[in-house]
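Listed below, chain by chain, are the residues.
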Amino acid sequence: MKNLTIKHIAIVILSGTMMCTTTSCERGLSEDAEFATFPKNPDVFIDGFSGGLQYLPFGGSKLDAFKVDTQTKYSGTSSMRFDVPNVNNPGGAFAGAIFPDMAGRDLTGFDALTFWAKATTAATINEIGFGNDFGENKFQTTLTNMRISTEWTKYIIPLPDPSQLVAERGMFWYAEGPENGNGYTFWIDELKFEKLGTIAQPRPAMFAGVDRDEQTFIGSVIPITGLTQTFNLASGVNQTVTAAPSYFAFKSSDTDVALVNGNGVVTVVGEGTAEITATLNGIRARGSLTIESLGEFLQAPTPPVRNPANVISVFSDAYTNIPVDFYNGFFGFQTTLGGAITLNGQNIIQYINLNFVATEFKNPTINISQMTHFHVDIFISEPITTGDFISIELGDFGPNNVFGGGDDSAKRIQFASTSLTRNQWISLDIPIADFALASRNNLAQIFFISDGTISTILVDNMYFYR
Amino acid sequence: MNNQNLFSTKGLLLVAKRAVLFTLLFSYMNCTDDKQKVVNFTNLVLAEEFDVNGPPNPEVWSYNIGTGQNGWGNNELQYYTDRPENVTVQNGYMIITARKESFNGSQYTSARLVTKGKFEQQYGRFEARMRLPWGQGLWPAFWMLGADIDDNPWPGAGEIDIMELRGQNPNILLGTVHGPGYSGGQSISKSYTLPNDRFDTGFHVFGIEWGPNYINFYVDDVLYNQITPADVPGEWVFNKPFYILMNVAVGGNFVGAPNTETVFPQTMLVDYVRVYN
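Here the residue numbering is sequential within each chain, running from 1 through the sequence in written order. Here every chain gets a letter starting at A, and every ligand a number starting at 1, in the order they are written. Thresholds applied to this predicted model are a pLDDT of at least 70 for local features of residues and 80 or more for the giving and counting of side-chain atom pairs; totals over whole chains, interfaces and linings are not thresholded and use all residues. Hydrogens and water are ignored here; the side-chain numbers use all heavy atoms of the structure.

Caption draft 1: Layout of the overall build of chain B. A run of H or I in DSSP becomes a helix once it reaches four residues, and a run of E becomes a strand once it reaches two; helices and strands are each numbered from the N terminus. Scanning chain B for helices and strands turns up two helices and 18 strands. Looking at the 277 residues of chain B, the share that counts as buried comes to 57%. Across chain B, contacts joining residues at least 24 apart in sequence account for 71% of those joining residues at least 6 apart. Computed by Shrake-Rupley with a 1.4 Å probe, the accessible areas treat only the displayed protein chains as cover when residues are assessed. Accessible surface computed for chain B: about 11300 Å², of which carbon and sulfur atoms make up 49%. Here's how the labels work: a residue is buried when its accessible area is under 20% of the maximum for its type, exposed when over 50%, partly exposed in between, all with a 1.4 Å probe on protein chains only. By definition in these notes, contact holds between two residues if any of their heavy atoms fall within 4.5 Å.

Printed below as a string of structure tokens:
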């Protein structure tokens, strides 16, 4: 709407100037004047490609997954047929394409993209929607995990905010992989934009409606995710679609603390607290982000210069690091979120909702038998109370060099609340002998464990040395 | 809903005549029709405009409180109160609010207003302009019961449902009569689907024109049904005074329970209730 308004003003001023210079009259813009508009053609694929529509498959997809089918159709003479490949199909791993009209269309008069569809087997289409134009994808709208059956059924994808779709190019897009390794075929027919009049009760959301709290520092960058729009349909179904950030207007309650741009990316610029909220077409989105900025990020102490032969580094900007499989394995029973992030150009690890978490490096495992100490820097910004602890555990895969097999050894050392200090880097240099591991030749894991007593920690400079 | 076929023929007839008929009705002209007897009601005898903030006019409205028997006979889930949280007049509207809250053993609260003993009338034009609630398990209603119900238990007293709606069908209105031999699941009912629109996003006028041996059901300017003694498989019990009820029920046999997606609170906004004779 903002662009549209500006354009109108510009045209009015220009025309006004011309009229006044030629006739010196006070007339405004004639009612007969027509602004340049985009076609309002609602049809995407009825019995063939609508005017201007193109087929552009995704790279890596089975390029010929889409065909026009004259045998199977819901009505008329033809339908869109999509052949999802089997797993390991050399022609492509999945079926997926965009169908843009690069000239752009005015969709403001519609409230839904609708179509009839059926498949050779009951399946769940990963992503299907519109607004993908291989460009900005500014107003991309996606229905995820759409269930499809063997019966022709009408599907409705609501437009999150039609008023913004003044020149939309992405008419339709989809991406679908094999179901349990098996390919199948689905058909779509009568694909068009409609004004149903029954798309109602909008309930936009950010972070899927969750009020999130983040404790962080100046310089941290947090993208807002989980942006959705939900409408109640005539069927009574509440239909949720993923909506691109450009549909939303974001707001920071304190721009001295945090800024948020039009793409929903939050940048922390000062110390204090700020709440980030969003609206879609004037309706407040459920969910929010409350930032507690602790101010300037205090860098972890820079490790001393060492002979590379005396260091095996897992995570440090000061040394050359070994290959690491992950900084968060997201194991079962694990609540811990987070992993490696960048803060003011420094690589650090942030764990949130910590109960336990593992960094794993098994390709290859490392031999620390010649090392004497394990070093790690930990930062805790939340209040530390009696009973809080951080345990550090080293895990060795044993002589067979793989997880399990009865020869693994893992030992942990606990640091009680009395040895932890808030808001400063805690540098630990733990003698490896203290871990009393049965094997130190095939080390593969480093665990941090708090059992939830401490929720958020920053970790830096994990290395073994002698 | 089983009775819809019964009316399909007549429905078509009515649709064909709708335009003509309603031009006449709304221009308050006397008219006669070969098939239908139409009486016009132009004398406004009740006009609840809800212009005074606070509780609804006590001269007209009283309340059913509590859960009735077996959830008012339908296993409804709400506890009806007269608290302002459940019914109030504000900014020109009566607002009936269904809430999800633990209250006296129920999980929902709402309100049901009745004109029993305060406003009862035989025949006339009864209409209300309303915006309805939405969502699985919501059941708004604007309806009437025979004023002799204390001596003549339901369904003998008769019931005229001017407007009922299932929250999960936000564009489908139901108009129904219940009487002896045709009540509950055997009631005489017809639905009307609002084309390209729904009843929870704007205001609509729901009404009946009720005279001797006929009841016409309409919404806005659309007549969608007429019920006469020929349509009911039992005694016609609609030639006597009735009183008005307005409520938002939650759950019950007619709609099913709300689910996790049902949004609360839900409101029914009533712009006016007008009755003519």
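Caption draft 2: Highlighting the pairing of strand E14 (residues 204-211) of chain B. Residues and elements named next belong to chain B. With eight of eight residues buried, E14 lies mostly within the body of the structure. Here E14 shows two buried faces, one formed by His204, Phe206, Ile208 and Trp210 and the other by Val205, Gly207, Glu209 and Gly211. Inspection of the sheet shows strand E9 (residues 124-131) paired to E14 by seven bridges, in the antiparallel sense. Across the sheet, Gly124 pairs through a bridge with Trp210, a residue of E14. The criterion for strand pairing is that DSSP finds at least two bridges linking the strands in question.

Caption draft 3: Up close: the interface of chain B and chain A. Counting residues at the interface gives twelve residues for chain B and 13 residues for chain A. As a working definition, buried area equals the accessible area (1.4 Å probe) given up by two parts on being put together, with both sides summed. Between chain B and chain A, a total of about 970 Å² is buried, with carbon and sulfur atoms accounting for 45% of that surface. It is Trp134, Arg198 and Glu261 of chain B that lose the most area in chain B upon contact with chain A, and together they represent 49% of the buried surface on that side. Between Lys or Arg on one side and Asp or Glu on the other, a salt bridge is scored when a side-chain nitrogen of the former is within 4 Å of a carboxyl oxygen of the latter. Seen at the junction of chain B and chain A, the total is zero salt bridges. Pairs of N or O atoms within 3.5 Å make up the polar contacts considered here, provided that, within protein, one atom can donate a hydrogen while the other can accept it, and that residues adjacent in sequence are counted only when both atoms are side-chain atoms. Taken together, chain B and chain A are joined by six residue pairs in polar contact (both at pLDDT 80 or more). Following the grouping adopted for this structure description, the nonpolar residues are Ala, Val, Leu, Ile, Met, Phe, Trp, Tyr, Cys and Pro, the charged ones are Asp, Glu, Lys and Arg, and the polar ones are all others, Gly among them. Residue composition of the side of chain B that touches chain A, by class: three nonpolar, five polar and four charged.

Caption draft 4: Layout of the domain arrangement of chain A. Residues and elements named next belong to chain A. The split into domains, and so the bounds of each, comes from an automatic or database assignment of domains. Once the domains are mapped, chain A shows domain 1 (40-194), domain 2 (207-293) and domain 3 (308-465). The gap between the C-alpha centroids of domain 1 and domain 2 is 29 Å. Taken together, the contact pairs 18 residues of domain 1 with 13 residues of domain 2. The largest contributions to the domain 1 side of the interface with domain 2 come from Pro158, Pro160 and Asp161, which together make up 39% of the buried area. When residues of the side of domain 1 that touches domain 2 are traced back to their parent elements, those giving at least two are strand E8 (141-148) and strand E9 (153-158). Per-element tally for the side of domain 1 that touches domain 2: the top contributor is E8, with four residues. Of the residues in the side of domain 1 that touches domain 2, the class split is nine nonpolar, seven polar and two charged.

Caption draft 5: Region of interest: the sheet that holds strand E18 (residues 265-268) of chain A. Residues and elements named next belong to chain A. Taken in spatial order, the three strands make up an open sheet running E13-E18-E17, and their pairing is antiparallel. Among the strands making up the open sheet, the edge pair consists of strand E13 (221-223) and strand E17 (258-260). Put simply, the sheet's adjacent strands are angled 20 degrees from each other on average, direction ignored. With three bridges connecting them, E13 and E18 associate as antiparallel partners. Residue Ile222 lies in a different strand from E18, and its bridge partner there is Val266. Geometry is summarised by axes, namely lines fitted to C-alpha atoms with helices restricted to the contacting stretch, and by angles between N-to-C directions that run from 0 to 180 degrees.

Caption draft 6: Seen up close, the nonpolar core. All names here are of chain A. The biggest cluster of nonpolar side chains holds 60 residues, and the ones touching the most others in it are Ile128, Phe172, Tyr174, Phe186 and Ile188. Shared between two domains, this core holds at least three residues of each, these being domain 1 (40-194) and domain 2 (207-293). With residues up to four places along the chain from it excluded, the contact list for Tyr174 reads Phe58, Ala65, Phe82, Ala95, Gly96, Ala97, Phe99, Glu127, Ile128 and Phe186. In these notes, a set of buried Ala, Val, Leu, Ile, Met, Phe, Trp, Tyr and Cys residues joined through side-chain atoms within 4.5 Å is what counts as a nonpolar core.

Caption draft 7: Main features of a negative patch on the surface. On the surface, Asp211, Asp213, Glu275 and Glu292 of chain A cluster together into a patch of negative charge. With respect to the element layout, Asp211 of chain A can be found in strand E12 (residues 211-216). Residues with no salt bridge and a relative accessible area higher than 30% make up the patches, which join like charges within 9 Å and nonpolar side chains (Val, Leu, Ile, Met, Phe, Trp, Tyr) within 5 Å. By the counting scheme adopted, Arg and Lys are positive, Glu and Asp are negative, and His together with the chain ends is not counted. For charged residues, the charge sits on one atom: NZ in Lys, CZ in Arg, CG in Asp, CD in Glu.

Caption draft 8: Molecular detail of the pattern of salt bridges. Following the criterion strictly, the structure yields 18 salt bridges over all chains and no others. A salt bridge links Glu214 of chain A to Arg212 of chain A, with the shortest nitrogen-to-oxygen separation between them at 2.6 Å. Take Arg212 of chain A: its relative accessible area is 31%, and that puts it in the partly exposed class. For Lys240 of chain B, the salt bridge identified is with Asp148 of chain B, shortest N-O distance 2.7 Å.

Caption draft 9: Spatial organisation of the sheet that holds strand E28 (residues 409-416) of chain A. All names here are of chain A. Taken together, four strands build an open sheet; the order of strands is E25-E30-E27-E28 and the sheet is antiparallel. For this open sheet the edge positions go to strand E25 (356-360) and E28, each flanked by a neighbour on one side alone. Recorded for the sheet is a direction-independent mean angle of 20 degrees between the axes of neighbouring strands. The sheet contact formed by strand E27 (residues 389-396) and strand E30 (residues 443-449) spans six bridges and is antiparallel. Across the sheet, Asp396 pairs through a bridge with Leu443, a residue of E30.

Caption draft 10: Quick look at the environment of Ser79 of chain A. All names here are of chain A. If you trace the backbone, Ser79 turns up in strand E4 (residues 79-84). Judged by its relative accessible area of 0%, Ser79 falls in the buried class. Put simply, Ser79 and Ala117 are 38 residues apart on the chain and 9.4 Å apart in space, counted from C-alpha to C-alpha. For Ser79, the contacting residues outside a window of four places in its chain are Phe45, Lys67, Val68, Asp69, Thr72, Lys73, Trp187, Ile188 and Asp189. Here the side chain of Ser79 touches Thr72 through a polar contact of 2.6 Å, landing on its backbone oxygen.

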